[in-house]
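Given next are the chains, with one letter for each unit.
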Protein chains: 2
Amino acid sequence: MPSDKSFHMTPEDFRRHGHEVVDWLADYFTRIESFPVLSRAEPGQIRTSLPLEPPAQGEPFQAMLQDVEKLILPGITHWQSPNFFAYFPSNNSGASILGDLLSSGLGVQGMLWATSPACTELETHVLDWLGQMLDLPPKFLSTDTGGGVIQDTASSASLCALLAARERATNFASNKRGCDGKLAAYTSSQAHSSIEKAVQIAGLGRDSLRLIEVHANFAMRPDALAQRIQEDRQNGLIPCFVCATVGTTSSNAIDPVPEIGRICRGQNIWLHVDAAMSGTAALCPEFRHIHNGLEFADSYCFNPHKWMFTNFDCDCFYVADRKGLIQTLSVLPEYLKNKATETGAVIDYRDWQIPLGRRFRSLKLWFVIRHYGVQGLQHHVREHVRLAQQFAEWLKQDAEFELAAPVPLNLVCFRHKGGDQINQDLMDRLNRSGDLYLTHTRLNDRLTLRFCVGQTNTQERHVRRAWDRIRQEARAVWVGRATQA
Amino acid sequence: MPSDKSFHMTPEDFRRHGHEVVDWLADYFTRIESFPVLSRAEPGQIRTSLPLEPPAQGEPFQAMLQDVEKLILPGITHWQSPNFFAYFPSNNSGASILGDLLSSGLGVQGMLWATSPACTELETHVLDWLGQMLDLPPKFLSTDTGGGVIQDTASSASLCALLAARERATNFASNKRGCDGKLAAYTSSQAHSSIEKAVQIAGLGRDSLRLIEVHANFAMRPDALAQRIQEDRQNGLIPCFVCATVGTTSSNAIDPVPEIGRICRGQNIWLHVDAAMSGTAALCPEFRHIHNGLEFADSYCFNPHKWMFTNFDCDCFYVADRKGLIQTLSVLPEYLKNKATETGAVIDYRDWQIPLGRRFRSLKLWFVIRHYGVQGLQHHVREHVRLAQQFAEWLKQDAEFELAAPVPLNLVCFRHKGGDQINQDLMDRLNRSGDLYLTHTRLNDRLTLRFCVGQTNTQERHVRRAWDRIRQEARAVWVGRATQA
């Protein structure tokens, strides 16, 4: 077949369709509040609207864009709506989207320094910037013994930290000989599920993970940690990894990192600090206390894709000793050997992560930091915290509701005093209404609603309306039950 | 601080800057052949051009775009240049970039069905389409017992497969109790380094990985596999995982999957088939023989982000028994519980992968399939294979060069007959020239050049010029050495 027939989009067609997509997105941002935040799609609804067979011939671009509007939008839960208060946010910004567009378009694969030096060096540089911006201990910077790398998620960062810890505790024998049931790992009962998943993946086994008890504020009890480590040592086990959480998913509890860190240092145990959500707050000096104790940590991560206007995926993972991480994750086949790597003068980020390939993710982060500037980022973080604290104040003053946990930053855990069923009904009604979206957890075995302020465009009016809607629906639930009874 | 000051980009600013970025990319595609394919940046060059401190105040968007042009482009290795013949490609297309832009802009996080039903259902649907397009055994479809999921890379897919295999072989005890040094895994000596990495990560240990010998064509020897499995069983080990490769990285060797599959089935061992690069060829009926034996496989993956015009990251991973995979990777904390999940009527893809969060990657894949249609994709795959075969023919007719391995599809392994140093010099000169980029491997302990035709816009003229340049530089190397001697 001759090569003169091409199905590729020409640069001029790309220009035209690119403008159409940008325009569609700009319009989407303008009308985003008109959609129900939580999708109302029924299971299977989207699939049944799609053809069973893939098209034999190409379709016009307009057909795809129309289907995004008609078929996909009804199945979208609008994470970028200012009325999104569920989970932790996964916020976004124009600067980030456009930085990411450049990454998609340039299409470089940065597994090695040599496969795109700018991809590696910009990442190292921007992560050093962020280290300064969060005032991380210097050991986490590339100019010292450590350095940062972008991972897809905090789950992957925690797994990498655990693997490096596993290797260090076994004198770098676990990669070679495998696990032998002797290692133990520690985190609080409130830690993210990814720690349990990591311990399973890494072959330690869930039985070797100690879920340490928490104080009434849901933060880890260092005395319980110390005791458990001692017991394990007495039983011949090798404690290798502690994960402290700065801002737990359930309630934003902040583990006492200084006390935990001193225990880890005394026992030569790897300390990983998971600040996936809350780390961003340390951009502001007044919240930087959440990082107290980081000087004891071996690794640290936080997610600009949660609360720093950088679209998913972007987790920033730092280690204090990059050599240990690289030694853990490096496998060097012939086809990846190259002169730059052999000189040792460059970073090959494939040795800092699970996958081999990687996209140019630092572009979007660079764009975000430069678009907002440090002060712009600080402004919005402060504003989110202020709004959450405001919401907590309103709650405290309402006799029907109670706070379920301290509110250190931008997550408010609360409940209606009427019990679990009322809270379940309240949440379901609110989410079904489409006006806002919030999710739940259980604290002290009671259903608890979570209200997290972190979406890029959330302003006071959105929080105020959410509070009005919560009270309104709570009354409706209450009246409904009275009528039933 | 009042909330009336916002640093966010307005929708109208996004529209304007979005057009600018699209225009910049359209121009980049037009002039891409004017850049040296392999970046000439020296280690540290990009970093030293960047400010040491992050900006305190936001900068105009134009400043960022100008810096991409001025500071970043010189540090880019142009993976999207039609003169890129290195590694395996990571090809791209306008349709994919724009689908990905929608994903970045919508900013949904599809960890659960409920967090964006369309994100999950479109992915399931498009992966079923692809299953049909590649004529995969029906068991790999979601309408049967299996299903597909998008992973970041084949490395992660292989790790997930290994974990599911580990669980199945231990009656689902390895997640709980950890590894105990009893498991063994198998792949060929030519398999991708990610298999060794996966075995390390999963706690089996590299010592438990058998690198099975290959035939002269670099494909795994089933007899050697069977023998090694038998020895391990006799020594009390539990063979749990075999990875066969369809298209090895070094030389594109295709393991004999039917024979390997029969051994695995007879021994109840999980068979994973890694077709990361070459799987795409099965779009064309005439190449579909590479998938012979897939009926014996438990899992399979291939990468549209390599050779199907879908920008990184996009690996399609299929399992025959989704229940086993989900049981392996599911951890369900309270804060992720929801009604849709409880009904069991939906897929929650967080249980099909290592990370929790995930972006809406099926949009770009959907756009690619619809833009090209099956026939358009087939056309370009055929054309790439034709060009590689053409290149191989030219080589065979040149007395100075020899083929170093069979050429089943679009990768040509070859060498100058003058020995390793000549080939090293030849490669260095070619890559330094900026006219094209190719990489090397070692086959039978001899330096071997790899020439892979798979970049989206590579046409006959690019391959022809590459061959001219190769011969030209080979003569220059030869003359240079004669002069030195």
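Student: What is the right way to look at the overall build of chain A in this model?
Tutor: Counting its secondary structure elements, chain A contains 16 helices and eleven strands. In summary, chain A has a C-alpha radius of gyration of 24 Å against a globular reference of 23 Å for 485 residues, a match within 12%. Overall size of chain A, expressed as C-alpha extent along the three principal axes, is 75 × 65 × 45 Å. The buried share of chain A, reckoned over its 485 residues, is 61%.

Student: How should unusual backbone geometry be read in this particular structure?
Tutor: Trans is the prevailing form of peptide bonds, just as negative phi is the prevailing case for residues other than glycine. Residues Phe312(A) and Asp313(A) are joined by a peptide bond in cis, for which omega reads 5°. When you line up the elements, Asp313(A) lands in the loop between helix H11 (304-307) and strand E7 (315-319). In this model, Asp135(B) sits at a positive phi of 55°, which is unusual for a non-glycine residue. As for its placement among the helices and strands, Asp135(B) is situated in the loop between helix H5 (117-133) and strand E1 (147-151). The exposure class of Asp135(B) is partly exposed, given the 13 C-beta atoms found within 10 Å. Here Asp445(B), not a glycine, exhibits a phi torsion of approximately 60°, which is positive. Of note, Asp445(B) is situated in the loop between strand E10 (439-443) and strand E11 (446-452). Residue Asp445(B) is classed as exposed on the basis of its 7 C-beta neighbours within 10 Å.

Student: It is not clear to me how the sheet that holds strand E3 (residues 209-212) of chain A should be interpreted in this structure. Could you clarify?
Tutor: Sheets are built from strands paired through backbone hydrogen bonds, the pairs being either parallel or antiparallel. Residues and elements named next belong to chain A. Taking strand neighbours across the sheet as the criterion, the seven strands line up as E1-E7-E6-E5-E4-E2-E3 in an open arrangement whose pairing is mixed. For this open sheet the edge positions go to strand E1 (147-151) and E3, each flanked by a neighbour on one side alone. Pairs of neighbouring strands in the sheet enclose a mean axial angle of 20°, with direction left out of account. Taken together, the four bridges between strand E6 (residues 299-302) and E7 define a ladder with antiparallel strand orientation.

Student: Could you clarify how one ought to interpret the sheet that holds strand E2 (residues 183-188) of chain B in this entry?
Tutor: Residue and element names in this part refer to chain B. The sheet built from seven strands is open, its strands ordered E1-E7-E6-E5-E4-E2-E3 with mixed pairing. The open sheet has two edge strands with one neighbour each: E1 and strand E3 (209-212). For this sheet, the mean inter-axis angle between neighbouring strands, taken without regard to orientation, is 20°. The sheet contact formed by E2 and E3 spans four bridges and is parallel. Within E3, the position partnered with Ser188 by the bridge is Ile212. The sheet strands contacting H5 are E1 and strand E7 (315-319), and the helix crosses E1 at an angle near 110°.

Student: Looking at this structure, how should I read the relation of the copies chain A and chain B?
Tutor: The operation linking the two copies of the chain is a rotation about an axis combined with a translation along the axis. Overlaying chain A on chain B yields an RMSD of 0.0 Å, the required transformation being a rotation through 180° with an accompanying axial translation of 0.0 Å. A rotation of that kind, with that shift, is consistent with a two-fold axis. Both copies share a contact surface, since 100% of the interface residues of chain A are interface residues in chain B too.

Student: Can you walk me through the environment of Tyr349(A) in this structure?
Tutor: Residue and element names in this part refer to chain A. Here Tyr349 is to be found in the loop between helix H13 (339-343) and helix H14 (362-396). Overall, the presence of 22 C-beta atoms within 10 Å leaves Tyr349 in the buried class. Between the C-alpha atoms of Tyr349 and Trp113, which are 236 residues apart in sequence, the distance is 7.5 Å. Sequence-distant contacts of Tyr349, defined by excluding residues within four places in its chain, comprise Gly110, Thr120, Glu123, Val149 and Arg358.

Student: For this particular structure, what's the right way to read the domain arrangement of chain A?
Tutor: Accessible area lost when the parts come together is the quantity often used to give the size of an interface. Residue and element names in this part refer to chain A. With domains assigned, chain A is organised as domain 1 (9-38 + 77-93 + 373-485) and domain 2 (108-360). Counting residues at the interface gives 22 residues for domain 1 and 24 residues for domain 2. Listed by contribution, the elements that provide at least two residues to the side of domain 1 that touches domain 2 are H14, strand E9 (411-416) and strand E10 (439-443). Taken together, the residues of the side of domain 1 that touches domain 2 break down into 13 nonpolar, eight polar and one charged.

Student: Explain the environment of Ser362(B) here, please?
Tutor: All names here are of chain B. Mapped onto the secondary structure, Ser362 falls in helix H14 (residues 362-396). The sequence separation of Ser362 and Thr310 amounts to 52 residues, and the corresponding C-alpha distance is 10.0 Å. Among residues more than four places away in sequence, those in contact with Ser362 are Leu122, Glu123, Val126 and Ile150.

Student: Would you take a moment to explain helix H16 (residues 460-484) of chain B for this structure?
Tutor: It helps to recall that an α-helix has 3.6 residues per turn; residues three or four apart then point in one direction. End to end, H16(B) covers 36 Å across 25 residues, agreeing with the expected 36 Å (1.5 Å per residue, within 8%). Listing the buried residues of H16(B) in full gives His462(B), Val463(B), Ala466(B), Ile470(B), Glu473(B), Ala474(B) and Val477(B).

About the cut-offs
Residues numbered from 1 in each chain as written. Chains lettered and ligands numbered in written order. Predicted model: local features only at pLDDT ≥ 70, side-chain atom pairs only at ≥ 80, totals over all residues. Helix = DSSP H or I, 4+ residues; strand = E, 2+ residues; numbered from the N terminus. Rg over C-alpha atoms; globule rule 2.2 N^0.38 Å. Buried ≥ 20, exposed ≤ 12 C-beta atoms within 10 Å, placed from the backbone. Pairing = 2+ DSSP bridges. Axes fitted to C-alpha atoms, helices over the stretch in contact; angles between N-to-C directions. Contact = placed C-beta atoms within 7 Å. Least-squares fit on C-alpha atoms with pLDDT ≥ 70 in both. Domains from an automatic or database assignment. Nonpolar A, V, L, I, M, F, W, Y, C, P; charged D, E, K, R; others polar. Expected span 1.5 Å × (residues − 1).

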